[in-house]
Amino acid sequence: WEWAKLKARSALFVEVFLEHAIQYHQIWANVPGMALRKFLQPRHPVRLALTPHFFRTHQTCNQAKDGVVASRGPLGRVLPFEYEEGYKKALKLLVNDFRFKTWLDELEENGMKDVECHVGATDGVGLHRVMVNYVS
């Protein structure tokens, strides 16, 4: 029973870690950061407001790819998958299955919309509203 619990916890940890690494760091952090740099002038107010949140994001993600994505990186060696048909395929599925949701929709889907101790449900919602109203 202890062995089964360990395996279940390990599998859950891997799933949550990979989902977090791909969706939040590689997608949520990289895409808006690239869009800011590509489409807004350096002195644009929205770019100025968001730049501190994306500071060094590209460098961090670029450095992390060696540990997260590479076949001989720490995760590639530790996880019990074949690289091409297991680990790499799982990473591609996470990227391809990603569907944009607004912050409010994501909070609601995860049952966190009215949780007062969650910074994303308090300050995050306020920031979301300010940015939506400003950009709109």
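Residues numbered from 1 in each chain as written. Predicted model: local features only at pLDDT ≥ 70, side-chain atom pairs only at ≥ 80, totals over all residues. Heavy atoms only, no water.

Engineer: So, the overall build of the chain: which residues are in play, and what are the values?
Structural biologist: Each helix and strand counted, the chain has 7 helices and 0 strands in total. Taken against the 2.2 N^0.38 rule, which gives 14 Å for 136 residues, the C-alpha radius of gyration of the chain at 18 Å runs more than 25% over that of a compact globule. If you line up the chain on its principal axes, its C-alpha atoms span 50 × 35 × 20 Å. Each of the 136 residues in the chain was classed as buried or not, and the buried ones make up 24%. Contacts spanning at least 24 positions in sequence make up 45% of the contacts within the chain whose residues lie at least 6 apart. Entry remark: accessible area of the chain is about 10,300 Å², with carbon and sulfur atoms responsible for 60%. Of the charged side chains in the chain, 18 are positive and 15 negative; the average position of the first set lies 10 Å away from that of the second. (Helix = DSSP H or I, 4+ residues; strand = E, 2+ residues; numbered from the N terminus. Rg over C-alpha atoms; globule rule 2.2 N^0.38 Å. Buried < 20%, exposed > 50% of the residue type's maximum accessible area, 1.4 Å probe, protein only. Contact = heavy atoms within 4.5 Å. Areas by Shrake-Rupley, 256 points an atom, 1.4 Å probe, with all protein chains shown as cover. Lys, Arg positive; Asp, Glu negative; His and termini not counted. Charge placed at Lys NZ, Arg CZ, Asp CG, Glu CD.)

Don't take any of this as a statement about function, it's just geometry.
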